[in-house]
Amino acid sequence: MAVRSPLSTVDVGVENMEKRLGPLFEYLRMRHEQEGEHENDDDVIDAVVSCGREALKAARGGFHDAKALVFDAFFFAWVSHAPSVGVTPGDPFAARSLWTLSLKQFEAAVEKLELKRELRGKLREVPDVVSRKIKALLHDSLLASSDESDDENEKLFERPSNESDLHTLRNGEDTGTSSHVAENDIDVVLESVRQATRENLFTRAHLAGTSLLCSERYQESRVMRRMESTDTGAAERKLVAVLNRIRGDADDSSKQDSRALAVELVQLLLTSPEMTLSRLVRVASTNASQAPFLLSAFSAQPGIPRMQTEQHEPSRMLMELACLLHKPPAELKGFHSLKGLMTLTEALCRPRGVLQDANDNGGLFGHKRLAIPSRAQFDHRHVLLFIVIPALSLTVDETESEFEFWALRILQTLLTGFEEETGETPFLCSPSGTRMLRATYPGGILLALASRVDSRAGVVAERTRELAAQLLQCCVVALNSDALHGDEGVSTLVSLAHADAEAATRLSWHTRMLMETLMFRVRELHPTPTRSPPAGPSVGPGDDVSMAASALADVILLCANNYLRGADMMDMIYEQRGIEGCLQSRIERIRDNSGSSVELRRALLEACTTLLPRITAREFDVVLCDALPRLLRFVQGASQTQEHDASSRPIVVDFLTRVLLTQMSNSGKSKDIETLSRQLATAATRDGDASATDKEHHADVEFLAASYHNLRCISVALSQITAKSSKKAEDILLNAALELAGKLCDNVGMVSKVAQLFESCPDEKSKQHVSALCNAKHTENV
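Here the structure is a predicted model, which means the values were calculated and not measured. (Residues numbered from 1 in each chain as written. Predicted model: local features only at pLDDT ≥ 70, side-chain atom pairs only at ≥ 80, totals over all residues. Heavy atoms only, no water.)

Student: When you look at the overall build of the protein in this model, what are you seeing that I'm missing?
Tutor: From N to C terminus, the protein includes 39 helices and zero strands. The buried share of the protein, reckoned over its 782 residues, is 49%. Sequence separation of at least 24 residues holds for 73% of the intrachain contacts in the protein that already meet a minimum separation of 6. When the accessible area of the protein is evaluated, it comes to approximately 36,900 Å², of which 50% is carbon and sulfur surface. (Helix = DSSP H or I, 4+ residues; strand = E, 2+ residues; numbered from the N terminus. Buried < 20%, exposed > 50% of the residue type's maximum accessible area, 1.4 Å probe, protein only. Contact = heavy atoms within 4.5 Å. Areas by Shrake-Rupley, 256 points an atom, 1.4 Å probe, with all protein chains shown as cover.)

Laid out in structure tokens, this is it:
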């Protein structure tokens, strides 16, 4: 005869419990095989109890009764291998069918984990003949009934007054509870939540509220309650009154208030879920001071953000957030409002707990193996599917830049975890982020990120392109470090292969090179569909300077993308190392012009005039510090062994000034002039040796000479600003000039020189500002 567990239906809670208890039963099996006569020793009993206690902690907060999950696992591990009972597992192919527990181990677990109530309930469920056999084996103390619950915090509802009510509560779904009884049930449970909150029985209130909002048992009651609620205006007024009581502090009384708020929200969600969730999302998004209080309420009642319209659907709150992010109303449009929505989404994706120490200091299995798991309010897969992927699936012309940026920030959170950002440190995918990436659409996500990186026509905001580039590198590294062969990697491999084929028609070869370390492996392991590695357009006949400029622009862009280091580029040019196939013709074209320094300088000027306006600030930093100084020394005929030091900075600033003036003379776009002005200002004011307030450093001769040279370059650029040029570009250059002038005028002898430099400047605004600064510094120095 087989006894089937009521929790035998596979779901997340049961699967997590099986994974968590699996190491325990593996240990018990090994211990039994090696020294079977000692399987009931105290250390083994302690291990069973300790693991059961940690599993209880881990299961709390889900949709299941934590004790019911743990007891179910232990009970069937014992009873299915007790010969005198004659019970066999319901599923002989399940992993838990091999679990065994001795009678003494089971009794100790029931006693010390306070599972007597679950044991008595199980004995009422099994057939009478099996129940009598089990009772004959167990100690009488385990079967003794008591008037009070074994654990008050685990009691969800008030005890029924008679056996008929007990049967109704336990089997409401199976027996078809009448509408009157179901409606009464909801009121009873809601009152139970209120009472538990007042009495600080947080686990009881937590489980009861979650069950009320999310359990399938109350689905019909929830539908009926919504249908009966016709006065939405009254519900909205009540919600407004509740939200007006929100406090921004985080003291103990505020935490108590947040729990009371959570109870009120549970009641409102039963009658007007759409209105309640919409208002909650908007309040949390637009009022940063109130968001922590609401999140505290969500933590007290996790059923609020998890509530679903139907089973197997995403939560209502997630879908509300997705709608607002996709099509924000007028009051939520703009960068900062969308930041509030993203912050709320990230908070609900954040695990509620961290790894905690086991009571036995790790015991036999260690902290990390049996640590309490982290649970988030939102399923990360749903966030990826309903928020991130819709944003990435749009073309760069269709999506809104703010939504796109914050969708990428959410993707960053899902992939890398929840650690604080550490400046320039590259993103690294967490193990869970890598698994999620592989299990969804890795090829599609790579292609979408690469499309944002590839957009250099100003359609995609610069911050979006920079973030997409960092995430692309992160994803490529994560997928490349993972196994792509074998059965588990087939779907990932196919997805990446099709993305590689699509990239050949949609992306430039420079951007494809960023994925080449991964795609090279993919082409070897999965050659279909047929595709070729990235390669730039062939260099045909034409003007030598233009072709050299095109070649230089290509290699500079690869350096800006961090695909090629400046030192490696120069080694190729000086024939100190081999050249990759896709770079062969470009490096050779640069070498062919190396004999004519004039033509090579013209080519580099043309390349930078075309390329620099289309790279991001992060990419420009790479070019400024690495590629450009090396190329400028090369075109001037310097040897490869010459050191790359601060002496090249004035040369770089002078060159960038020429690039800006060339763009102005060509009547370039105002946005391009703004970008080049910002780049010139960045290079001119960058001081890598000391802070801007270090007056002793500002008296250094080399510093004074370099700063005066940079200021002169800025003044030349300002003198060429015309009415057609951007006013923003003028302001950028003027601010840089004032910063340099302020540093120089810290030295008394430089005040007059700075003033003379701008006396002949045709721009009156710049002349007046610099003159005022010089007068102020002169007075200060005197």
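Student: When you look at the packing of aromatic side chains in this model, what are you seeing that I'm missing?
Tutor: Note on aromatic pairs: each is described by the distance of the centres and the angle between the planes. In total, this model carries 10 aromatic pairs according to the counting rule given. Where Phe 71 meets Phe 75, the ring centres are 5.4 Å apart and the plane angle is 25°; that geometry is what we call stacked. On the criterion of helical spacing, the pair formed by Phe 71 and Phe 75 is a turn pair, its members being four residues apart in helix α3 (residues 66-79). Phe 75 matches Phe 71 in its accessibility class, with the two residues each being buried. Seen in terms of ring centroids, Trp 78 and Phe 106 are 4.8 Å apart; in terms of plane orientation they differ by 10°. Their pairing is stacked. Of the two residues, Trp 78 is situated in helix α3 and Phe 106 in helix α4 (residues 103-112); the sequence distance between them amounts to 28 residues. Residue classification places Phe 106 among the buried positions, given a relative accessible area of 0%. Three or more aromatic residues joined by ring pairs make a cluster, and in this case those are Phe 71, Phe 75, Phe 76, Trp 78 and Phe 106. We note Arg 463 situated over the ring of Phe 405; from NZ or CZ to the ring centre the distance is 5.3 Å. (Phe/Tyr/Trp six-rings, centres within 6.5 Å; stacked < 30°, edge-to-face > 60°. Lys NZ or Arg CZ within 6 Å of the ring centre and 35° of its normal.)

Student: What exactly am I supposed to notice about the environment of Glu 331 here?
Tutor: Turning to its location among the elements, Glu 331 is positioned in the loop between α18 (316-326) and α19 (335-349). The partly exposed category is assigned to Glu 331, whose relative accessible area is 48%. For the pair formed by Glu 331 and Arg 282, sequence separation is 49 residues and the distance between their alpha carbons is 9.3 Å.

Student: So what exactly am I meant to see when it comes to the confidence of the model for the protein here?
Tutor: A low pLDDT score tells you not to read the predicted coordinates there in detail. Chain-level pLDDT for the protein is 77 on average; 77% of the residues reach the 70-or-more range. Segment residues 353-373 is flagged for pLDDT under 50; beyond a separation of four residues in sequence, or across chains, it makes 35 contacts in the model. (pLDDT = per-residue confidence, 0-100.)

Student: Before we go on, may I ask you to explain helix α13 (residues 232-243) in this structure?
Tutor: Residues three or four positions apart in an α-helix share a direction because the helix packs 3.6 residues into each turn. The terminal C-alpha atoms of α13 lie 16 Å apart, and with 12 residues this matches the ideal 16 Å at 1.5 Å per residue to within 8%. Buried within α13 we find Ala 235, Leu 239, Val 242 and Leu 243. All buried residues of α13 project into a common sector of 95° when viewed along the axis, lining one side. (Expected span 1.5 Å × (residues − 1). Arc of directions from axis to C-beta.)

Student: Looking at this structure, I do not really get the side chain of Thr 210. What am I missing?
Tutor: With respect to the helices and strands, Thr 210 occurs in helix α11 (residues 202-214). From its side chain, Thr 210 meets the backbone oxygen of His 206 in a polar contact 2.8 Å long. (Polar contact = N/O pair within 3.5 Å; in protein donor to acceptor, adjacent residues only side chain to side chain.)

Student: How should I be thinking about unusual backbone geometry in this particular structure?
Tutor: It is generally the case that most residues other than glycine have a negative phi and that most peptide bonds are trans. Cis geometry is found at the peptide bond from Thr 528 to Pro 529, where omega equals -5°. With respect to the secondary-structure elements, Pro 529 resides in the loop between α27 (516-525) and α28 (544-560). In this model, Glu 114 sits at a positive phi of 60°, which is unusual for a non-glycine residue. Tracing the sequence through the fold places Glu 114 in the loop between α4 and α5 (116-125). According to the relative accessible area criterion, Glu 114 is partly exposed, its value standing at 39%. A positive phi angle, close to 65°, is found at Asn 562, a residue other than glycine. Looking at where Asn 562 falls in the secondary structure, it is placed in the loop between α28 and α29 (566-573). Here Asn 562 falls in the exposed class, since its relative accessible area comes to 56%.

Student: Looking at this model, I keep getting lost on the side chain of Glu 619. Mind explaining?
Tutor: Looking at the element boundaries, Glu 619 is found in helix α32 (residues 617-635). A polar atom in the side chain of Glu 619 sits 2.9 Å from the backbone nitrogen of Thr 616.

Student: Would you mind showing me how to read the nonpolar core here?
Tutor: The nonpolar side chains of a soluble globular protein tend to be buried with one another. Core analysis: the largest hydrophobic core is formed by 96 residues, its most contacted members being Ile 304, Leu 411, Leu 446, Leu 449, Leu 472 and Met 515. Once residues lying within four places of it in the same chain are set aside, the contact partners of Leu 472 are Leu 446, Leu 449, Ala 450, Val 453, Leu 514 and Met 515. Membership of the second largest hydrophobic core comes to 80 residues, among which are Trp 509, Leu 564, Met 570 and Ala 717. (Core = buried A, V, L, I, M, F, W, Y, C linked by side-chain atoms within 4.5 Å.)

Student: What's the story with the pattern of salt bridges in this structure? I'm lost.
Tutor: Scanning the model with the defined rule gives 27 salt bridges in all. A salt bridge links Arg 225 to Asp 187; its shortest N-O distance comes to 2.8 Å. Highlighted residues: Arg 225 in helix α12 (residues 219-228) and Asp 187 in helix α10 (residues 179-198), separated in sequence by 38 residues. The salt bridge partner of Arg 198 is Glu 191, with a shortest N-O separation of 3.3 Å. Relative accessible area serves as the criterion here: at 55%, Arg 198 is assigned to the exposed category. A relative accessible area of 35% places Glu 191 in the partly exposed class. Connected via shared salt-bridge partners are Asp 500, Arg 512, Glu 516, Arg 523 and Arg 531. (Salt bridge = Lys/Arg side-chain N within 4 Å of Asp/Glu carboxyl O.)

Student: Looking at this structure, how should I read the packing of α3 against α5?
Tutor: Working note: a packed helix pair is described by the angle between its axes plus the distance between those axes. Following both chains from N to C, one finds α3 and α5 inclined at 65°, their axes separated by 10 Å at the closest point. Seen from above, α3 lies across α5 with right-handed handedness. Every residue of α5 that contacts α3 at Lys 67, Ala 68, Phe 71, Asp 72, Phe 75 and Phe 76 is listed here: Glu 118, Leu 119 and Lys 122. Partitioning the contact of α3 with α5 into residue classes produces five nonpolar, no polar and four charged. (Axes fitted to C-alpha atoms, helices over the stretch in contact; angles between N-to-C directions. Left-handed = near helix turned anticlockwise from the far one by under 90°. Nonpolar A, V, L, I, M, F, W, Y, C, P; charged D, E, K, R; others polar.)

Student: Just checking my understanding: could you explain the environment of Trp 509 for this structure?
Tutor: Note that Trp 509 resides in helix α26 (residues 509-513). For the pair Trp 509 and Pro 533, spaced 24 residues apart in sequence, the C-alpha to C-alpha distance is 8.9 Å. The contact partners of Trp 509, leaving out residues within four places of it in the chain, are Pro 534, Ala 535, Gly 536, Pro 537, Asp 554, Leu 558, Cys 582, Leu 583 and Arg 586. Here the side chain of Trp 509 touches His 510 through a polar contact of 3.3 Å, side chain to side chain.

Student: Just checking my understanding: could you explain the environment of Ala 772 for this structure?
Tutor: Looking at where Ala 772 falls in the secondary structure, it is placed in helix α39 (residues 764-781). With 17 residues separating them in the primary sequence, Ala 772 and Ala 755 have C-alpha atoms 9.4 Å apart.

Student: How should the packing of helix α23 (residues 442-454) against helix α25 (residues 490-506) be read in this particular structure?
Tutor: Packing of α23 against α25 brings their axes to within 7 Å, and their N-to-C directions diverge by 25°. With respect to their mutual orientation, α23 and α25 come out roughly parallel. Remark: the crossing between α23 and α25 carries right-handed chirality. Contacts between α23 and α25 involve Pro 442, Gly 443, Gly 444, Leu 446, Leu 447, Ser 451 and Asp 454 on the former and, on the latter, Thr 492, Ser 495, Leu 496, Ala 499, Glu 502, Ala 503 and Arg 506. Considered class by class, the residues forming the contact of α23 with α25 number six nonpolar, five polar and three charged. (Parallel < 35°, antiparallel > 145°, perpendicular 65-115°, else oblique.)

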